[in-house]
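Report on the structure
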Amino acid sequence: IAGITQAPTSQILAAGRRMTLRCTQDMRHNAMYWYRQDLGLGLRLIHYSNTAGTTGKGEVPDGYSVSRANTDDFPLTLASAVPSQTSVYFCASSDSVGGSNEQFFGPGTRLTVL
Amino acid sequence: GQNIDQPTEMTATEGAIVQINCTYQTSGFNGLFWYQQHAGEAPTFLSYNVLDGLEEKGRFSSFLSRSKGYSYLLLKELQMKDSASYLCAVRGGDYKLSFGAGTTVTVRA
């Protein structure tokens, strides 16, 4: 593994189903983030974690949950998917939340909820 | 809340210069980032500004004026591979990034 990986690459899901998007990084970064990207709206923060064991809500957290049991993994769960959650989901990480530390992004998961 | 504005699309000729403007209104300010995103791919970091002035990195430069809530990304000697979306992102007082919708740059031969 080099950088950030996400799984699955794409998924078609029936409304009402539960789904977990996986994200793993091998850079030992403290902070991790989940964004969704929709046409014309840009990237919007769903949830974040400044360090292992802590999580926080972003701009659009409703319908999503996260956990951060260790440094490397930051899964995003949709408890009961709805069509409005159709989007491209990007996981990102950074060494810390301040300074010039840029966020590194995973390749994304394209999710379609029918 | 955060408000970040950038043009939707720009077109330029190979070898030319293009300037992408970004204006922002945020609660607090802890830096401004520019990312490049090719279609179907992840965003990749281009530049970071936290103090007023110009930061130059090869063919790319980024400028910041905090008092005006304004930044621009300057792309010089445009190449076909520069065709992509360019995202302006501001880190607010809460240290979270807020992104603009992105500017799609098309480079024509």
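Everything discussed here concerns the structure shown above.
Residues numbered from 1 in each chain as written. Chains lettered and ligands numbered in written order. Predicted model: local features only at pLDDT ≥ 70, side-chain atom pairs only at ≥ 80, totals over all residues. Heavy atoms only, no water.

Describing the overall build of chain B
Counted only if it meets this: Every helix listed is a DSSP run of H or I at least four residues long, and every strand listed is a run of E at least two residues long, numbered separately from the N terminus. A 1.4 Å probe rolled over the protein chains alone gives each residue an accessible area, and that area as a share of the maximum for its type sets the label: buried under 20%, exposed over 50%, partly exposed in between. Contacts are assigned to residue pairs with any non-hydrogen atoms lying within 4.5 Å of each other. Only the protein chains shown count as covering a residue, and every accessible area follows the Shrake-Rupley method with a 1.4 Å probe.
The number of helices and strands found in chain B is zero helices and eleven strands. Taken from N to C terminus, the helices and strands of chain B fall in the order β-β-β-β-β-β-β-β-β-β-β. Oriented by its inertia axes, the alpha-carbon framework of chain B measures out at about 40 × 30 × 20 Å. Within chain B, buried positions represent 50% of all 109 residues. In chain B, 55% of the contacts between residues at least 6 apart in sequence involve partners at least 24 apart. Accessible surface, chain B: about 5,200 Å² in total, of which carbon and sulfur atoms supply 48%.

Let's talk about the pairing of strand β3 (residues 18-25) of chain B
Residue and element names in this part refer to chain B. Just so we agree on the cut-off: Note: two strands are recorded as paired if DSSP finds a minimum of 2 bridges between them.
Residues Val18, Ile20, Cys22 and Tyr24 line the buried face of β3, whereas the alternating positions Gln19, Asn21, Thr23 and Gln25 sit on a face that is not buried. Two elements, strand β1 (residues 3-5) and β3, share three bridges in a ladder whose sense is antiparallel. Note that in β3 the partner of asparagine 3 across the bridge is glutamine 25. Sheet analysis places β3 next to strand β8 (residues 70-75), joined by six bridges and oriented antiparallel. The residue of β8 that forms the bridge with glutamine 19 is leucine 74.

Focus on the interface of chain B and chain A
Many descriptions give the size of an interface as the accessible area lost when the pieces come together. Formally: By convention, the term buried area covers the 1.4 Å-probe accessible surface removed from two parts as they join, with the contributions of both added. Between N or O atoms, a polar contact is any pair within 3.5 Å; within protein, one atom must be a potential hydrogen donor and the other a potential acceptor, and residues adjacent in sequence are included only when both atoms are from side chains. Amino acids outside the nonpolar list (Ala, Val, Leu, Ile, Met, Phe, Trp, Tyr, Cys, Pro) and the charged list (Asp, Glu, Lys, Arg) are all regarded as polar, and Gly is one of them.
Across the boundary between the two partners, chain B contributes 16 residues, which contact 20 residues of chain A. Carbon and sulfur atoms make up 61% of the area that chain B and chain A hide from each other, which totals about 1,400 Å². The largest contributions to the chain B side of the interface with chain A come from Pro43, Lys96 and Phe99 of chain B, which together make up 31% of the buried area. Our count for the chain B to chain A interface comes out at four residue pairs in polar contact (both at pLDDT 80 or more). Mapped by element, the contributors of at least two residues to the side of chain B that touches chain A are β4 (32-37), β5 (44-49), β9 (84-91) and β10 (97-99) of chain B. Considered class by class, the residues forming the side of chain B that touches chain A number eleven nonpolar, two polar and three charged.

Some words on the pattern of salt bridges
A side chain with one charge may pair with a side chain of the opposite charge, provided their charged atoms come close. How we decide: Salt-bridge detection follows one rule: a side-chain nitrogen of Lys or Arg within 4 Å of a carboxyl oxygen of Asp or Glu.
Taken as a whole, this structure holds seven salt bridges over all chains when the rule is applied. The salt bridge partner of aspartate 82 of chain B is arginine 59 of chain B, with a shortest N-O separation of 2.7 Å. Linking aspartate 82 of chain B in the loop between β8 and β9 with arginine 59 of chain B in the loop between β6 (53-57) and β7 (60-65), this pair joins segments that are 23 residues apart in sequence. Linked by salt bridges that have partners in common, Arg36, Asp38 and Arg44 of chain A make up one network.

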